[in-house]
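# A closer look at the structure
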Amino acid sequence: MALITLRKNLYRLPDFRMHGALAALKNQPLNHVHKVVKERLCPWFCSRQSEPFRIRFHHAHCKKFNSKNGNDLHPLSGPVFSQVSDWVRLEQNVKNGESQTFYKRLSNLTSSEEVLSFISTMEPLPDTMAAEALQRICEVEKKDGDQGLPKEILENSIFQALCFQLEKEPSQLSNTSLVTALQALILLHVDPQSSLLLNLVAECQNRLKKGGLEVRNLCILGESLIRLHSSGCVTLELIINQLQGEKLETFTPEDIVALYRILQACAEKVHEHQTFLNKINNFSLSIVSNLSPKLISQMLTALVVLDQSQAFPLIIKLGRYVVRHVPHFTNEELRRVLEAFIYFGYHDRFFTKALEYRVAAMCLTLDPEVVCRVMEYCSRKQILSKPILNAVAETFVCQSEKFSPSQISALMEPFGKLHYLPPNASALFRTLENVLFTHFNHFPPETLLKLLHSCSLNECHPVNFMAKIFNPFFLQQLQGEESHLDRLSRARLTQLFLTSVLECPFYKGPKLLRKYQVKSFVTPCCSLETPMDSQLYKSVKIGLIDLLGARLYFASKVLTPYFYTIDVEIKLDEEGFVLPFTVNEDIHERIALCIDGPKRFCSNSKHLLGKEAIKQRHLHLLGYQVVQIPYHEIEMLKSRCELVEYLQRKLFSENTVHW
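So, a few notes on the structure that sits alongside this text. Bear in mind that the values here come from a model prediction, so they are computed numbers and not experimental data. Along each chain, the written sequence defines residue order, and numbers are assigned to residues from 1. In view of the model being predicted, local features appear only for residues whose pLDDT reaches at least 70, and side-chain atom pairs are presented and counted only at 80 or more, with totals across whole chains, interfaces and linings using the full set of residues. Side-chain metrics rest on all non-hydrogen atoms present in the structure, leaving aside hydrogens and water.

Attention now moves to the overall build of the protein. Numbering of helices and strands starts at the N terminus; helices are DSSP runs of H or I of at least 4 residues and strands are runs of E of at least 2. Looking only at helices and strands, one finds 30 helices and five strands in the protein. The 659 residues of the protein split such that 51% are buried. Here the accessible surface of atoms and residues is derived via Shrake-Rupley with a 1.4 Å probe, and residues count as covered only by protein chains that are part of the display. Taken as a whole, the protein presents about 31600 Å² of accessible surface, with 52% of it coming from carbon and sulfur. Type-normalised accessible area, obtained with a 1.4 Å probe on protein chains alone, sets the label of each residue: buried when under 20%, exposed when over 50%, and partly exposed for intermediate values.

Here it is in structure tokens:
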């Protein structure tokens, strides 16, 4: 009975197309029939199968062979091509609305098994419907992640026959059916070298060269070829050239994003398409409101890869609509959005507020890489978001094992930069210390140095690890194959060394060798000090001259022997008289004015950054009288007279100073 059923299902295979082929089957052993079938069908998924499998193949065009009582079979001697009339009837039904019913029922199916069961009732199945069925299988399988089809679906006879139907005559497929089938098979991780995919790709390229593919089909084809990683930019360039001839008004939002992604795949030739890109960027402003969370994240990623910084109006508008989608982004989509905002330097208080709700509500379920991007966003834009920092600290304490060394560093550094200690600070740094003790050798030297330095900014001094980082062997690892250690690493080491001397007098381990120390913490690229705000200094200078009587009595930008640069220094003798800045003897006290502009504070805050806090802390320990002149206090003064009175209160609160 099994042999009869198999023969009945295979009458359309090329090996058995002749009317007398079924009769020839009777003279062949059963294992020969299985061999022929497997030779035709197995290569589609050879990359997914480690060994051959045995299955009974039922052609998708055929009915089930059970009778009403479930036992009898239809007679084998029936006419081989008796279904022609059924095909005609089905086409007539489609014209009368059957296709709409088919697509509606198909869209309600929620598993591959349901789809295959449903299409097995169709006799026969038109190519358009076959492609849509394959697309639906792809959709339901993708809900569980970016994985290929499970083995039981690959071995399903109906699925095998469905693929065979698309392979045997791709030239007969409509444009939509062709690109839809190709897209679905690629998303399902079908072997790129299988005859099925090779035939479909070849047919697509043939039609592309002839022209005539619609916009939607061109976009689907382009994205499919990108995922296939086999066509390079040659075919994609052909697609781009054809799309340039179309009116953007005819593109759907999905088509526009697909166009960005196709251009993204040819990023090395972006200069050749910049005029076209400018046109797309301007048009995209009109469709932002219609973009889904997924499309927004894809568009932002493409703008980053294509370096479209000049499209800032589009970036701003995307940022406004991102806010409403923050609760709906997947981890991967949110990561892409954050990376784009970091790249373009964009931030928005409404986005930050929405991000706070998302992170606080789902901190324990966020992907580690997303957590790192959230922290990088806050760090780059100097955003002191306590809800985010608190939630991330709790996440690390509870799930430290899921973070890699580089992720731990990226997670912890913003706490030091923003000079913030969460409520569970003791548990946070205890967890970090345990991780370092256990996995110290897994941390790259530069990553470890940045991590320990950021801890010291918050007065959480890594005393237990100072001996290791001042060790010549570690310093040699840090230097690597370079002829010398980079200036920023030397500055961090120097500040850690100064911290060990000033704030950890009980530390008795190795000291940092002088050749690794810097003379100044001000560096051209990434300084450990924020340069003084020139406009703010000019205002303060006028008030100081009025107060002290002459420019002679204070110095500016003074480099100390302790590596820090003081904004303004005033010297006093033992009796409290102000000395000219040129005098270097009989100095009893030094006043260090820290003229703190907006860049020395967290964004929209009066909270000092970590590098400014440690500077003022160290200057105080070195014996300076530290006087902070913050910009927000200067801005409140309405006249020059008020400025002088303000400086007098700040500098000489005790009536022991004379000038």
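Right, let's talk about the packing of helix α9 (residues 175–187) against helix α10 (residues 195–210) for a bit. At a minimum axis separation of 10 Å, α9 and α10 run at an interaxial angle of 140 degrees. It follows that α9 is oblique to α10 by the angle criterion. When you trace α9 past α10, the crossing you get is left-handed. Of α10, the residues touching α9 (which contributes Asn175, Leu178, Val179, Ala181, Leu182, Leu185 and Ile186) are Leu196, Leu197, Leu200, Val201, Glu203, Cys204 and Arg207. In this analysis, axes come from line fits to C-alpha atoms, helices being fitted only over the stretch in contact, and the angle between any two N-to-C directions falls in the range 0 to 180 degrees. Orientation is classified from the angle alone, with under 35 degrees giving roughly parallel, over 145 giving roughly antiparallel, 65 to 115 giving roughly perpendicular, and any other angle giving oblique. In this scheme the crossing of two helices becomes right-handed for a clockwise turn of the near helix relative to the far one and left-handed for an anticlockwise turn of less than a right angle. Two residues form a contact once any of their heavy atoms are found within 4.5 Å.

What follows deals with the pairing of strand β1 (residues 555–559). Two strands are said to pair when DSSP picks up at least two bridges between them. As paired strands, β1 and strand β2 (residues 565–572) are joined by four bridges and run antiparallel to one another. Residue Ser556 lies in a different strand from β2, and its bridge partner there is Val568. Between β1 and β2, which pair antiparallel and follow one another directly, the connecting turn spans five residues, one of which, Phe563, has a positive phi of 80 degrees.

On to helix α25 (residues 472–479), then. For α25, the complete set of buried residues consists of Phe474, Leu475, Leu478 and Gln479. All buried residues of α25 fall inside an arc of 140 degrees around its axis, so they share one side. The elements touched by buried residues of α25 are α23 (445–457), α24 (463–469) and α26 (487–502). In the analysis that follows, any N or O atom pair within 3.5 Å is treated as a polar contact, provided that within protein one partner can donate a hydrogen and the other can accept it, and provided that, for residues neighboring in sequence, both atoms belong to side chains. Of the residues that open α25, the one with a side-chain oxygen 2.7 Å from the backbone nitrogen of Phe473 is Asn471. The positive-phi residue at the C-terminal boundary of α25 is Gly480, with phi of around 65 degrees. Working definition: the arc comes from the directions between the helix axis and the C-beta atoms, pointing outward to the latter.

What follows deals with the side chain of Thr494. Among the secondary structure elements, Thr494 is positioned in helix α26. Excluding its chain neighbours within four sequence positions, the residues that come into contact with Thr494 are Leu512, Tyr516, Gln517, Val518, Phe521 and Phe563.

Looking now at the pattern of salt bridges. Salt bridge, as used here, is a side-chain nitrogen of Lys or Arg placed within 4 Å of a carboxyl oxygen of Asp or Glu. Counted under the stated rule, the structure contains 19 salt bridges. For Asp546, the salt bridge identified is with Arg640, shortest N-O distance 2.6 Å. Highlighted residues: Asp546 in helix α27 (residues 534–548) and Arg640 in helix α30 (residues 640–651), separated in sequence by 94 residues. Residue Asp546 is classed as partly exposed on the basis of its relative accessible area, which comes to 35%. Here Asp596 makes a salt bridge to Arg600, at a shortest N to O gap of 2.8 Å. Pair check on accessibility: Asp596 and Arg600 agree, each one buried.

Working definition: a ring pair exists when centres of Phe, Tyr or Trp rings (six-membered ring for Trp) sit within 6.5 Å. Plane angles under 30 degrees give stacked, over 60 give edge-to-face, the rest tilted. Enumeration according to the criterion identifies twelve aromatic pairs in this entry. The interplanar angle of 70 degrees and the centroid separation of 6.5 Å between the aromatic rings of Phe470 and Tyr507 together place this pair among those described as edge-to-face. In this pair, Phe470 is assigned in the loop between α24 and α25 and Tyr507 in the loop between α26 and α27, connecting sequence segments 37 residues apart. Taken individually, Phe470 and Tyr507 each receive the classification buried, so the pair is uniform in this respect. Lysine NZ or arginine CZ positioned within 6 Å of the ring centre and within 35 degrees of the ring normal marks a charge as sitting over the ring. Taking NZ or CZ as reference, Lys468 lies 4.5 Å from the ring centre of Phe440, over its face.

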